[in-house]
Amino acid sequence: MASCTLETQTAQSAEVNPVAWLLRSLFPPSALLLPGAASAAYNFNFPEPVTPIARETLHIHNEFMLIITVLFVVVFAIMIYSMIKHRKSSGHAPAKFTGPTGALQWFWALIPFAILLFIDFVLMGIPAVQAIINMEDTQTKADMVLKVTGMQWKWQYEYPESGVKFISTLATPRDQISNAEAKGEHYLLEVDKPVVLPVGKKVRVLLTSTDVIHTWWVPQFGVKRDAIPGFLRETWVLIEKPGIYRGQCAELCGKDHGFMPVVVHAVPEPEYLAWVEAQKAEAKAAAGGADRTWSKDELLAEGKAVYEKVCAACHQPDGKGLPPAFPALAGSKVINAPLLDMNGKIVKDSHVDRVMHGKAGTAMQAFSASLSDVELAAVITYERNSFGNQMGDMIQPAQIKSLR
Amino acid sequence: MAPAFTGADLARRRAAARRLGWLLGAVVLVIYLIGLFIKR
Amino acid sequence: MSTATTHTAEHPAGEYHGGLLRWLTTTNHKDIGTMYLTFSLIMFFVGGLMILAVRAELFQPGLQLMKPEFFNQLIGVHALVMIFAALMPAATGFANWMLPLMIGAPDMALPRLNNWGFWLLPPAAILLTLPFTLALFGIGDGALATGWTFYAPLSVQGGMGVDFAILAVHILGISSIMGSINIIVTIFNMRAPGMTMMKLPLFAWGWLITAFLLIATLPVLAGAVTMLLTDRHFGTHFFDAAGGGDPILFQHLFWFFGHPEVYILLLPVWGLMPHVLSTFSRKPTYGYKAQVYSFIAIGLLSVVVWAHHFFTAGMPVPALVYFMFSTMAISLPLAVLFFCWIATMWKGAMTFETPMLFAVGFIVLFGIAGLTGLILADVAADAQYHHSYFVVAHFHYALFAGGIMGVMTGVYYWLPKWTGHMYSEKLGKLHFWLTVVSFNLTFLPQFFLGLAGMPRRIPDYALQFAEFNAISTVGAFVLGISQLLFAWNIWCCVRGGPKVDGQVWEGAEGLEWELSSPPPHHSWEIQPVVK
């Protein structure tokens, strides 16, 4: 057993980037640690790869770093040699040549370009093409599908085969961000509900967005793909090792771009299946809730929770918003207006219309796609009776269901 | 000593420069207008 | 009309309007060059202050100084200011000052166009930064917050800062196109007798290619932002999938301009390098023709590689392979330039005055940009690098070490020619060493931040990125403060200093050194003899 571990370790250290190795020995991590910084684990290279793509990428990256380091050293060694030898102060008389003369000089002048051509299109090019083909092959032998929807500023995950669907948002408390309390170990890289995936299964990841372009990135998976509104993009992951993997949105997507992490729990398949069953049961219970009549207090409690998770980033926890981009809900004309028209239908540009269908050209998205009937009814009721708004009315999940 | 730039020579050069300048300006406008109608 | 065409030739030297009016109405290429360079220096500090605020925020994890919205505005406007208001005007300033001297012309071909081109810049710069001020008075929500790339639909959703930036970009574009047209027609029509195209100084060649690239690509950018404007206000759906549009179309149009833009910024500097290297090596330029053909090749290649800026947006495998290989192909003509630069130094008799130090520093650090660019072209590895700090480090090695240090090379090289005074060599060398060390302190750690997984354009970050960010911020502040030395050195040199003759540098060759320092009001009244 011991020798086996040793072997794996040697195999891993063979992947270590020579530049990184040099830097690490020159600047041992402890020497760079600043007082007060909580984390000691940082890297001069990619984090440990856990998918075949990430391993291949790291391998290619290391190879390329080696190639360009050699090119850099050789070229500038020649230049520095010249700068030392051919100085005026050392009495060197300047030559007069302006180009290669004679076949031999032409040969030596052209050799570097032949080498570069070989490096570009053979040494680097061929493995790169293979990697691209591998990376883009999302469908062959795919075991399951995960649909990822980016929205300002959270991720929605959907498992089409089992119908499980939920939103995952930043779990780091605002007080940590504003430096009012100590930062936790996974500061900004923690979510309320991580996405769960089985290890050893090829997962085809479909990506889209409801508002602007986001980019789904988990460094240890070696994949990064844009989520584009109105279009479907895809990539794939096959996680080889159970664990918790963290990443972030990588495309500037507005105010809270830095605050929409991706967290993936990779678990063995049985555990995954059990999790899916639990999610289904939960969803069923929640769906049942849509048909019964809710009391106002129940709606307000549920609505507060939904508001803080989904709405507070823009409209602020106190409902004052950040005008003009994010209007205040407190005293809003849209909210302080009749709930529905006389026939119980949605009034255009009313509160219910805005929440369900969004407002084009703004960050206000159509939440009917991402929130359940209960959540929509609860949050609308909550907004109408909070932040100084005193409409006193409420809307039932069943009504929302019929309005969809 | 080399001759001075004559007024006539300079006027001829500047006229040629202006013609070419208008032509390049027209090219810019054409590219801009084509760009507006691009559909992928 | 005929009076206008010979306007400058007919006014005797010294017949100036006084004060501000002189600068508003001047059509003299040297006055306009000076204005471009002064404007550029001022905007360099404006853009620098913006990014120092950003680096201060990033010194430690957590939000200390600003809200994320304001952070997003600073990074985008920093980029636009540095590219359009600092680097491009600096290169245009060089062209205005030096092209007529170098090619033996009395002035630029179209002097009034030249005046216009400059005076469009200050209003554009004001438009770009005005929303910051307006927000202070409660009007609007600040400047462009989408990054300099304007990606739709984020820019469709943004506040009025986007409209200001769209207008500013249009004006800056018109200014650049005017400058480019003037440079092309000057090079084509105003050369001294005997100055054939293959005897043209390499600086003029570099600028000629830049000017053609600007003319080919700026209208596309203008078109893209016009479409953005109509999407925002006039109900079109160019970039809105719900209306049959495509957000990725914007990226195609933007980068069709954006990639050549990199070479637009760099080609004038590449053209300048052989002059400096040859002067301080006291040896003729190596491979003149090879460099000219490389400029042309890079210019042509630059307009067919744009999509490597958004490999992660998803495209068919053949497109990925094509854009990867065409991008890698640029390394060949670029390697020719490196080869020629080093071969020009080889077996020379080198001295290391400040311009030469900056030139050598440029070659080494720009080498890092080129080599990391080569691996960024690889689609598979790019999936990790893209949108991360690795890219931020890469393009600052290209645009600060390549662009701005190249401009500094030119300033130190030509400042004695412009002013007739020698700058302080001691301050210049101090400025060089502080710049090089602090530049690397700032940006080398960002390569590792990117590899470790830190995305770009985030106002706050996870704890594992803390150390490198702290180092980078310290470096940035030293870098920023060091540039005050540069401004001080220029100021002192303009005011006075040891007098220099026309030749200035022992090893300098070319028509520009045959004129006095500073050159007479009308640069060449008699036709120079081209050797």
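Here is what the cut-offs are and how they apply
Residues numbered from 1 in each chain as written. Chains lettered and ligands numbered in written order. Predicted model: local features only at pLDDT ≥ 70, side-chain atom pairs only at ≥ 80, totals over all residues. Heavy atoms only, no water. Helix = DSSP H or I, 4+ residues; strand = E, 2+ residues; numbered from the N terminus. Buried < 20%, exposed > 50% of the residue type's maximum accessible area, 1.4 Å probe, protein only. Contact = heavy atoms within 4.5 Å. Areas by Shrake-Rupley, 256 points an atom, 1.4 Å probe, with all protein chains shown as cover. Buried area = accessible area lost by both parts, 1.4 Å probe. Salt bridge = Lys/Arg side-chain N within 4 Å of Asp/Glu carboxyl O. Polar contact = N/O pair within 3.5 Å; in protein donor to acceptor, adjacent residues only side chain to side chain. Nonpolar A, V, L, I, M, F, W, Y, C, P; charged D, E, K, R; others polar. pLDDT = per-residue confidence, 0-100. Phe/Tyr/Trp six-rings, centres within 6.5 Å; stacked < 30°, edge-to-face > 60°. Pairing = 2+ DSSP bridges. Axes fitted to C-alpha atoms, helices over the stretch in contact; angles between N-to-C directions. Lys, Arg positive; Asp, Glu negative; His and termini not counted. Disulfide = S-S within 2.5 Å. Core = buried A, V, L, I, M, F, W, Y, C linked by side-chain atoms within 4.5 Å. Domains from an automatic or database assignment.

Okay, the overall build of chain A next. A tally of regular secondary structure across chain A gives 11 helices and 10 strands. Classification of the 404 residues of chain A by burial places 46% in the buried group. Contacts in chain A between residues at least 24 apart in sequence constitute 63% of all its contacts with a sequence separation of at least 6.

Within chain B, the regular secondary structure consists of one helix and zero strands. A total of 40 residues make up chain B; the buried ones form 30% of that total. As displayed, chain B offers around 2,700 Å² of accessible surface, 76% of which is attributable to carbon and sulfur atoms.

Moving on, we get to the interface of chain C and chain A. Many descriptions give the size of an interface as the accessible area lost when the pieces come together. At the junction of the two partners, chain C supplies 101 residues and chain A supplies 101 residues. Per-residue buried area on chain C facing chain A is highest for Q384(C), L463(C) and E467(C); these three make up 9% of the total on that side. Between chain C and chain A we count one salt bridge in total. The interface formed by chain C and chain A holds 25 residue pairs in polar contact (both at pLDDT 80 or more) in total. Residue composition of the side of chain C that touches chain A, grouped by class: 62 nonpolar, 26 polar and 13 charged.

Below, the discussion takes up the confidence of the model for chain A. When the pLDDT values of chain A are averaged, the result is 84; 89% of them are 70 or greater. Every residue in residues 1–15 of chain A scores below 50 in pLDDT, and together they form two contacts with partners more than four places removed in sequence or on other chains.

Right, let's talk about the interface of chain C and chain B for a bit. At the junction of the two partners, chain C supplies 43 residues and chain B supplies 25 residues. In this assembly, chain C packs against chain B so that about 2,800 Å² is buried in total across both faces, 69% of it on carbon and sulfur atoms. Viewed at the interface, chain B and chain C are joined by five residue pairs in polar contact (both at pLDDT 80 or more). Taken together, the elements giving at least two residues each to the side of chain C that touches chain B come down to α2 (7–10), α9 (160–189), α10 (202–233) and α11 (247–281) of chain C. Tallying contributions element by element places α10(C) first for the side of chain C that touches chain B, with nine residues. Grouping the constituent residues of the side of chain C that touches chain B by class yields 30 nonpolar, nine polar and four charged.

Time to look at the packing of aromatic side chains. All names here are of chain C. One pass over the structure, following the stated rule, counts 64 aromatic pairs over all chains. On the basis of an interplanar angle of 70° and a centroid distance of 4.7 Å, the ring pair of Y397 and F439 is categorised as edge-to-face. In this pair, Y397 is assigned in helix α17 (residues 389–419) and F439 in helix α18 (residues 425–452), connecting sequence segments 42 residues apart. The same class applies to Y397 and to F439, which are both buried.

Moving on to the sheet that holds strand β5 (residues 202–209) of chain A. All names here are of chain A. Strand order across the open sheet formed by five strands is β3-β2-β1-β5-β8, with mixed pairing between neighbours. Only two strands of the sheet have a single partner each, and these edge strands are β3 (164–168) and β8 (233–238). Each strand axis lies, on average, 25° off the axis of its neighbour in the sheet, ignoring direction. Pairing geometry for strand β1 (residues 144–151) and β5, over seven bridges, is parallel. Along β5, the bridge assignment pairs T149 with T208.

With that out of the way, let us pick up the side chain of E512(C). Along the chain, E512(C) falls in the segment after α19 (466–495). For the buried E512(C), no salt bridge exists, and the shortest N-O distance to an oppositely charged side chain is 8.0 Å, to K417(C).

What you tend to see is this: most non-glycine residues have negative phi, and most peptide bonds are trans. Residues and elements named next belong to chain C. Residue P153 follows A152 across a cis peptide bond; omega there is 0°. Note on placement: P153 falls in the loop between α7 (121–136) and α8 (154–157). Here the residue pair S517 and P518 is connected by a cis peptide bond, since its omega of -10° sits within 30 degrees of zero.

The next point concerns the sheet that holds strand β4 (residues 195–198) of chain A. All names here are of chain A. Strand order in this open sheet of five strands is β4-β10-β9-β6-β7, and the pairing throughout is mixed. The two strands at the open ends of the sheet, each matched to only one other strand, are β4 and β7 (223–227). Put simply, the sheet's adjacent strands are angled 25° from each other on average, direction ignored. Strand direction decides the pairing type here: strand β9 (residues 243–249) and strand β10 (residues 261–267), joined by six bridges, are antiparallel. Pairing of R246 across the sheet is with V263, part of β10.

Side chains that carry opposite charge are capable of pairing whenever their charged atoms lie near each other. Applying the stated criterion across every chain yields a total of 20 salt bridges over all chains. A salt bridge links E298(A) to R292(A); the nearest nitrogen and oxygen atoms lie 3.2 Å apart. On the basis of relative accessibility, which here comes to 38%, the residue R292(A) falls in the partly exposed class. A salt bridge links R384(A) to D393(A), with the shortest nitrogen-to-oxygen separation between them at 2.9 Å. It is possible to trace a salt-bridge network through shared partners that takes in K88(A), R282(C) and E506(C).

This brings us to the state of the cysteines. One covalent bond between the sulfur atoms of two cysteine residues makes up a disulfide. Residues and elements named next belong to chain A. Applying the stated criterion across every chain yields a total of zero disulfides over all chains. The thiol of C249 is not disulfide-bonded; the next cysteine sulfur, from C253, is found 3.9 Å away. In this structure C249 comes out as buried when scored by relative accessible area, which is 1%.

This part takes up the nonpolar core. As a rule of thumb, soluble globular proteins bury nonpolar side chains together. Ranked by size, the top nonpolar core spans 233 residues in total, and within it F150(C), W270(C), W341(C) and W414(C) carry the most contacts. With 24 residues, the top contributor of residues to this core is helix α5 (residues 68–103) of chain C. Looking at this core, you find at least three residues from each of domain 1 (13–83 + 103–136) and domain 2 (146–287) of chain A. Sequence-distant contacts of W414(C), defined by excluding residues within four places in its chain, comprise F94(C), M98(C), M102(C), F203(C), L272(C) and W513(C). Grouped together as the second largest cluster of nonpolar side chains are 46 residues, M144(A), V148(A), V212(A) and L252(A) included.

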